[in-house]
Amino acid sequence: MRQTRALMIFAAGFGTRMGALTATQPKPMIRVAGRPLIDHALDQALAAGADPIVVNLHYLGDQLATHLADRPVLLSWERGKILETGGGLRKAMPLLGHGPVATLNSDAAWTGENAITQLDAAWDETSMDALLLVAPPERTVGHSAPPDFSMDERGRLSRHSITGRAGYIYTGAQIIKTDRLAGIQDEVFSMWRLWEPMIAARRFYGLIHQGGWCDVGQPGSIALAEQLLSDQGSV
């Protein structure tokens with residue numbers, strides 16, 4: 001990985017699907033295999049050589065800030081209100097700097113090659129505005145929603161809408177250009193506000209993750225994630 005690739009870890013959400021587990025702690029502090037989820041995400045970022053690494057904070061953010069105090073990360077506080085993924089990325093841009101950045105969700109467990117390293121090896125700035133790491137449903141656990149994307153023969157992604165066509169799930173890791181952020185007037189918005197025009201411009205690509213992935217979005221997924229990591233020999 002290019003040593004100057006900036007990376008943002010999304011960690012500001014309320015984690016409502018976790019129920020009582022997030023009543024007194026933020027979701028990234030939930031332990032999987034004995035370690036908080038945020039540490040699993042940091043493992044990915046640090047192993048890929050990301051610099052700087054920015055973590056956004058909102059819900060019970062003081063707990064995360066304390067946990068991260070001695071780690072090599074910068075904090076992007078969303079104190080007034082949560083800004084969602086797109087708004088959170090824009091808020092963090094003064095810390096991330098210019099150029100394409102990597103982003104990583106903090107609520108997942110991974111096996112196989114490093115997520116960000118895979119993306120960086122396949123990134124082509126001349127043809128891509130975004131490159132997302134995706135997985136076929138049969139290679140994921142803990143995720144019950146329909147596929148997010150379809151992929152054409154050149155690796156371009158579009159919204160998955162055709163029954164019977166292969167679909168792929170977004171794993172929460174991507175490299176994305178940020179220049180379109182300047183044209184969005186809303187303060188709070190999702191990543192789809194960036195992705196939609198990239199899809200229309202046919203510059204929105206996917207890369208298939210060759211390892212395993214678990215969406216740790218609800219209490220029952222914790223055991224699934226731990227089993228995934230155990231099978232890989234990661235715990």
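Residues numbered from 1 in each chain as written. Predicted model: local features only at pLDDT ≥ 70, side-chain atom pairs only at ≥ 80, totals over all residues. Heavy atoms only, no water.

What to know about the packing of aromatic side chains
Throughout the structure, instances matching the rule amount to 7 aromatic pairs. Their ring planes at 65° and their centres at 5.8 Å tell us that Phe149 and Trp195 sit as a pair that is edge-to-face. Remark: Trp195 occurs in helix H5 (residues 192-200) and Phe149 occurs in strand E10 (residues 149-151); sequence separation between them is 46 residues. Trp195 shares its class with Phe149; the two are buried. When the ring of Tyr170 is compared with that of Trp195, the centres are 5.2 Å apart and the planes differ by 85°; the resulting orientation is edge-to-face. With Tyr170 in strand E12 (residues 169-176) and Trp195 in helix H5, this residue pair connects regions lying 25 residues apart in the sequence. Of the two residues examined, Tyr170 and Trp195, each falls in the buried class. Three or more aromatic residues joined by ring pairs form one cluster here, namely Phe149, Tyr170, Trp192, Trp195 and Phe204. (Phe/Tyr/Trp six-rings, centres within 6.5 Å; stacked < 30°, edge-to-face > 60°. Helix = DSSP H or I, 4+ residues; strand = E, 2+ residues; numbered from the N terminus. Buried < 20%, exposed > 50% of the residue type's maximum accessible area, 1.4 Å probe, protein only.)

As for the sheet that holds strand E8 (residues 130-135)
Reading across from one edge, E5-E4-E1-E6-E12-E8-E13 is the order of the 7 strands in this open sheet, with mixed pairing throughout. Across the chains shown, the open sheet's two edge strands, defined by having one partner strand only, are strand E5 (74-77) and strand E13 (204-208). The sheet shows a mean angle of 25° between the axes of neighbouring strands, direction not considered. Across 4 bridges, the pairing between strand E6 (residues 101-105) and E12 is antiparallel. The residue bridging Val101 from the neighbouring strand is Ile176, located in E12. Lying on the sheet, H5 is in contact with E8, E12 and E13; it crosses E12 at an angle near 80°. (Pairing = 2+ DSSP bridges. Axes fitted to C-alpha atoms, helices over the stretch in contact; angles between N-to-C directions. Contact = heavy atoms within 4.5 Å.)

Observations concerning the environment of Gly15
Inspection of the secondary structure assignment puts Gly15 in the loop between strand E1 (7-10) and strand E2 (31-32). Relative accessible area serves as the criterion here: at 13%, Gly15 is assigned to the buried category. Considered as a pair, Gly15 and Cys214 are 199 residues apart in the sequence and their alpha carbons are 16 Å apart. Among residues more than four places away in sequence, those in contact with Gly15 are Thr22 and Lys27.

Observations concerning the layout of surface pockets
Vacant regions in the atomic arrangement are exposed by a probe of water-molecule size rolled over the atoms. Computed from the structure, the largest pocket encloses a volume of approximately 1,000 Å³. Residue lining of the largest pocket: 36 residues in total, with Arg17, Lys27, Thr85, Asn105 and Asp107 positioned closest to the centre. Going through the elements one at a time, helix H3 (84-96), E12, H5 and strand E14 (213-215) are the ones with two or more residues in the lining of the largest pocket. Examining the composition of the lining of the largest pocket, we find that 4 residues originate from one element, E12, more than from any other. Residue classes in the lining of the largest pocket are distributed as 15 nonpolar, 14 polar and 7 charged. (1 Å grid on protein atoms, 1.4 Å probe; cavity = no way out; pocket = protein on both sides within 12 Å on 5 of 7 lines; lining within 4 Å. Points joined across faces, edges and corners; volume = space filled by probe spheres on them. Nonpolar A, V, L, I, M, F, W, Y, C, P; charged D, E, K, R; others polar.)

Examining unusual backbone geometry
Generally, phi is negative for residues other than glycine and the peptide bonds are trans, each holding for most cases. A cis amide bond links Asp51 with the next residue in sequence, Pro52, at an omega value of 0°. Mapped onto the secondary structure, Pro52 falls in the loop between helix H1 (37-47) and strand E4 (53-57). Even without a glycine there, the phi angle at Ala33 is positive, about 55°. Within the secondary structure, Ala33 is located in the loop between E2 and strand E3 (35-36). Even without being glycine, Arg202 reaches a positive phi, approximately 60°. By the secondary structure assignment, Arg202 is in the loop between H5 and E13. Arg202 gets classed as partly exposed once you look at its relative accessible area, which sits at 48%.

Remarks on the sheet that holds strand E7 (residues 108-110)
Hydrogen bonds along the backbone pair up the strands of a sheet, which may run parallel or antiparallel. Here 3 strands make up an open sheet; going across it, the order is E7-E14-E9 and the pairing mixed. Of all strands in the sheet, those bounded by a partner on one side alone are E7 and strand E9 (140-141). The pairing of E9 with E14 spans 2 bridges and is parallel. Counted as the bridge partner of Val141 is Cys214 from E14.

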